[in-house]
Amino acid sequence: MEKVVALTKRRGFIFPSSEIYGGISGSTLMMPAAVWAASGHLENFVDPLRQCLGQCKKRWRADHVKGDRCPECGGPLDEPRMFNLMFKTHVGPVEDHASEVYLRPETAQGMFVDFKNVINSTRVRVPFGIAQQGKAFRNEITPGNFVFRVREFELMEMEYFVKPNEDDEWFKYWREERRRWYVEDLGLSPDRLRFYEHPKESLSHYSKQTTDIEYEFPFGWGELEGVADRTDFDLRVHQEHSKEDLSYLDPETNQRYLPWVIEPAVSLERIFITLLLDAYDEDVINNEPRVVLRLHANVAPVQVAVVPLSKKEGLIKVAREVQSSLQGRFRVEYDQTGGHIGRRYRRQDEIGTPFCVTVDFDTLNDRAVTIRQRDSTQQERVPIADLPDRLQQLL
Ligand code: GAP
């Protein structure tokens, strides 16, 4: 057992969590108070809170309400108070100060705290990135707008380590690259995306410059993703607090330094809600109203639905063959549920399936099938043998 444990650490499979602060066994999403004291979150990860003193007693984020009256009941609001967004708890049976931990409000700190483990176990060279996806927790005062703001979310972050003072160019690079990803790889409408550059006074405590990639939601422009220039802030404070040397020896110049960090950060929830809102559409097909998700094929849960026209055995056999010729190359669903073919198309339209492949009675003679396109509802006849390549072309 010891040998395997040592290997996982040496080669970077599993690191002891928060090791530079003495470790915390059995926890990854919970990190000791020392981590959050060093990172500045205990002091600065706060939102201004105001409570209604009138009838409804509701609590509001001070920066979300205009004026001094409650948006719900019109009552007066009290003076803003600072409220820390982290969930605190204790590990072990004793609630003493030493066992105080916080559920991580960002995954970022795990990557800074593990920086030395990564450097020692891999052969990365600056510039390089550490990326992580996992649950983050925030005691939001006003969760809402569906999954736009929730208290537990799947955060996806990358800490991209660069040479000191090369941050400006990498910051620009990642802003552009992240925007490109949304437009080209996820298919979001470019005219509903914009950059919002934070003014100095609204920057997080660790940031030199931050640009939000905003989307035009039905409730107004809102932050989809943040790209922040964290300088060497985090490595520096952890080095100071933990007394561990977190510097990196640059093999090119033989110099030691703390790398600077550019960080793109976004939650799966925000990407998900944005994709759905951007894709949702209603139109009329053959005089019938239709709901359709115009999802990019990269993110459609089903890319090709194979639909036999009837449950007759001959058709089903061929439809199954068609299905297996596509599986492995595309995300395929086989839909044999009875009912009119039009109803099955509508269902696929609503889940955003770009193509339906229909197997009908002619297929038995001509070994060809019909591809129906979601967006135009256009149909084309294709020999089964050519189907995978033709679909690849269309995707
Ligand atoms: N490490 C940097 C950081 O955490 P942030 O702007 O506080 O920065 C990053 O959060 C991203 O996480 C946001 O751009 C958003 O996509 C997502 N996010 C933040 N709070 C959220 C919440 N309560 N619910 C869902 N997603 C959230």
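Predicted model only: the values in this text are computed from it and were never measured. Throughout, residues of each chain are indexed from 1 in the direction in which the sequence is written. With pLDDT at 70 or above as the cut-off, local features in this predicted model cover only qualifying residues; side-chain atom pairs require 80 or more to be listed or tallied, and sums for whole chains, interfaces and linings still use all residues. The basis for the side-chain values is all heavy atoms of the structure; hydrogens and waters are excluded.

Participant: When you look at the site of the ligand in this model, what are you seeing that I'm missing?
Facilitator: Residues in close proximity to the ligand total 20 residues, the closest being Glu106, Val150, Glu157, Glu223 and Leu224. Pairs of N or O atoms are called polar contacts if they sit within 3.5 Å, as long as, within protein, a hydrogen donor faces a hydrogen acceptor (for residues adjacent in sequence, only side-chain-to-side-chain pairs). The side chain of Arg138 places a nitrogen or oxygen atom 2.8 Å from an oxygen atom of the ligand. In this structure, a nitrogen atom belonging to the ligand sits 3.1 Å away from a side-chain N or O atom of Glu263. Here, Shrake-Rupley sampling with a 1.4 Å probe gives the accessible areas, and only protein chains in the shown set may cover a residue. When the ligand is considered free in solution it has 550 Å² of accessible area, and contact with the protein chains removes 90% of it. A run of H or I in DSSP becomes a helix once it reaches four residues, and a run of E becomes a strand once it reaches two; helices and strands are each numbered from the N terminus. If you list the elements that add at least two residues to the shell around the ligand, you get strand S8 (152–162), strand S11 (220–231) and strand S14 (260–267). Any residue with a heavy atom positioned within 4 Å of a molecule or strand is treated as near that molecule or strand.

Participant: Honestly, the domain arrangement of the protein in this entry has me stumped. Any pointers?
Facilitator: Note that domain bounds follow an automatic or database assignment of domains. Segmentation of the protein into domains returns domain 1 (2–45 + 85–276) and domain 2 (286–394). Each of domain 1 and domain 2 has a C-alpha centre, and the two are 42 Å apart. The contact definition used throughout considers only heavy atoms, calling two residues in contact when any of these lie within 4.5 Å. With six residues of domain 1 at the contact, the number on the domain 2 side is five residues. Once two parts are brought into contact, the accessible area they lose, counted with a 1.4 Å probe and summed over both, makes up the buried area. Interface area, domain 1 with domain 2, both sides summed: about 410 Å², of which 68% is carbon and sulfur. Among the residues of domain 1 in contact with domain 2, Asp185, Leu275 and Leu276 are the three that bury the most area, contributing 65% of the side total. Any Lys or Arg side-chain nitrogen located within 4 Å of an Asp or Glu carboxyl oxygen qualifies as a salt bridge. Run the count over domain 1 and domain 2 and you get zero salt bridges. Our count for the contact surface shared by domain 1 and domain 2 stands at two residue pairs in polar contact (both at pLDDT 80 or more).

Participant: Even after reading the chapter, I still don't get the pattern of salt bridges, so can you show me in this structure?
Facilitator: Two side chains of opposite charge can pair, provided their charged atoms sit close to one another. According to the stated counting rule, one finds 39 salt bridges in the structure shown. Across the salt bridge formed by Lys317 and Glu321, the nearest N and O atoms sit 3.7 Å from each other. Here Lys317 and its partner Glu321 are both found in helix H9 (residues 313–326), four residues apart, which amounts to about one turn of the helix. Exposure categories follow from relative accessible area, calculated using a 1.4 Å probe and restricted to protein chains: below 20% of the type maximum is buried, above 50% is exposed, and the middle band is partly exposed. Under the relative-accessibility criterion, Lys317 is labelled exposed at 58%. The exposure class assigned to Glu321 is partly exposed, which follows from its relative accessible area of 35%. Ionic pairing is found between Arg390 and Glu380, a salt bridge with its closest N-O pair at 3.0 Å. You can see Arg390 sitting in helix H12 (residues 387–394) and its partner Glu380 sitting in strand S21 (residues 379–383), a full ten residues away along the chain. According to the relative accessible area criterion, Arg390 is partly exposed, its value standing at 26%. According to the relative accessible area criterion, Glu380 is partly exposed, its value standing at 24%. Each of Asp281, Asp283, Arg290, Arg294, Asp349, Arg372, Arg374 and Asp375 takes part in one network of salt bridges that share partners.

Participant: What is the right way to look at the nonpolar core in this model?
Facilitator: Buried together is how nonpolar side chains tend to be arranged in soluble globular proteins. By nonpolar core is meant a set of buried Ala, Val, Leu, Ile, Met, Phe, Trp, Tyr and Cys residues that side-chain atoms within 4.5 Å join together. Core analysis: the biggest nonpolar cluster contains 27 residues, and Phe161 and Leu235 have the highest contact counts within it. Listing elements by their share of this core, those giving two or more residues are helix H2 (33–39), helix H4 (108–113), helix H5 (115–121) and strand S7 (128–137). Residues in contact with Phe161, not counting those within four places in the same chain, are Phe112, Phe115, Val126, Pro127, Phe128, Ile130, Leu235, Pro259, Trp260 and Val261. Membership of the second largest hydrophobic core comes to 20 residues, among which are Leu326, Val332, Tyr334 and Val359.

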